[in-house]
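Topology and contacts: notes
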Amino acid sequence: QVHLVESGGGPVQSGGSLRLSCTSSGYGYTRLCMGWFRQAPGQEREGIATIASDDTPRYADSVKGRFTISQDKFINTLTLQMNGLKPEDTAMYYCAARFAVDCPARDPSRDEDYTYWGQGTQVTVAS
């Protein structure tokens, strides 16, 4: 019943910025745990960031210091602010959700228990 939709992707120059959004419907955001993932052609899916119920973020080393995850529980929206983009950031970006009463801070590499996934939004950084 949970539907996730990503937006905000597109082409960007190296060093530029993009802000991705993920909106959820069909289930209250306060009872979902959310994360961001990405996958480049021919590569494995990579966990980028997670956010806890108290807004504590966790990031993959590949994006730490450049990306910022945030959430607005009242409008069921998860965001990813991406700064200092590099060609290696080129990928399809996905948000994912799992049911939970409370979300702890968690390693963003874990993906086995996410129940719902969006269709993705493409980010292409000029090389």
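Calculation notes
Residues numbered from 1 in each chain as written. Predicted model: local features only at pLDDT ≥ 70, side-chain atom pairs only at ≥ 80, totals over all residues. Heavy atoms only, no water. Helix = DSSP H or I, 4+ residues; strand = E, 2+ residues; numbered from the N terminus. Buried < 20%, exposed > 50% of the residue type's maximum accessible area, 1.4 Å probe, protein only. Contact = heavy atoms within 4.5 Å. Disulfide = S-S within 2.5 Å. Salt bridge = Lys/Arg side-chain N within 4 Å of Asp/Glu carboxyl O.

**Here we look at the side chain of Thr79**
Residue position: Thr79 is located in strand β8 (residues 77-82). Its relative accessible area of 18% is what places Thr79 among the buried residues. Those residues within four positions of Thr79 in sequence are excluded, and the remaining contacts are Leu20, Ser21, Trp36, Thr68, Ile69 and Ser70.

**Description of the state of the cysteines**
Enumeration over the complete set of coordinates arrives at two disulfides. With a sulfur-sulfur separation of 2.0 Å, Cys22 is cross-linked through a disulfide to Cys95. One disulfide, between Cys22 and Cys95, carries an S-S torsion of 60° and so falls in the right-handed class. Of this pair, Cys22 sits in strand β3 (residues 18-25) while Cys95 sits in strand β9 (residues 91-99), placing them 73 residues apart in sequence. Of the two residues examined, Cys22 and Cys95, each falls in the buried class. Across a sulfur-sulfur distance of 2.0 Å, Cys33 and Cys103 are joined as a disulfide pair. The S-S bond linking Cys33 to Cys103 shows a torsion near -105°; that makes this disulfide left-handed. On the criterion of sequence distance, the pair formed by Cys33 in strand β4 (residues 32-39) and Cys103 in the loop between β9 and β10 (116-117) is long-range, its members being 70 residues apart. Here Cys33 matches Cys103 in class, with each residue buried. Each bonded cysteine of the protein is numbered by sequence order, and under that numbering the disulfide pairs are 1-3, 2-4.

**Concerning the pattern of salt bridges**
What the rule picks out here adds up to eight salt bridges. The salt bridge partner of Asp89 is Arg66, with a shortest N-O separation of 2.7 Å. One end of the pair, Asp89, is in the loop between β8 and β9; the other, Arg66, is in the loop between β6 (57-59) and β7 (67-72), with 23 residues separating them in the sequence. A salt bridge links Glu112 to Arg110; the shortest N-O distance between them is 2.9 Å.

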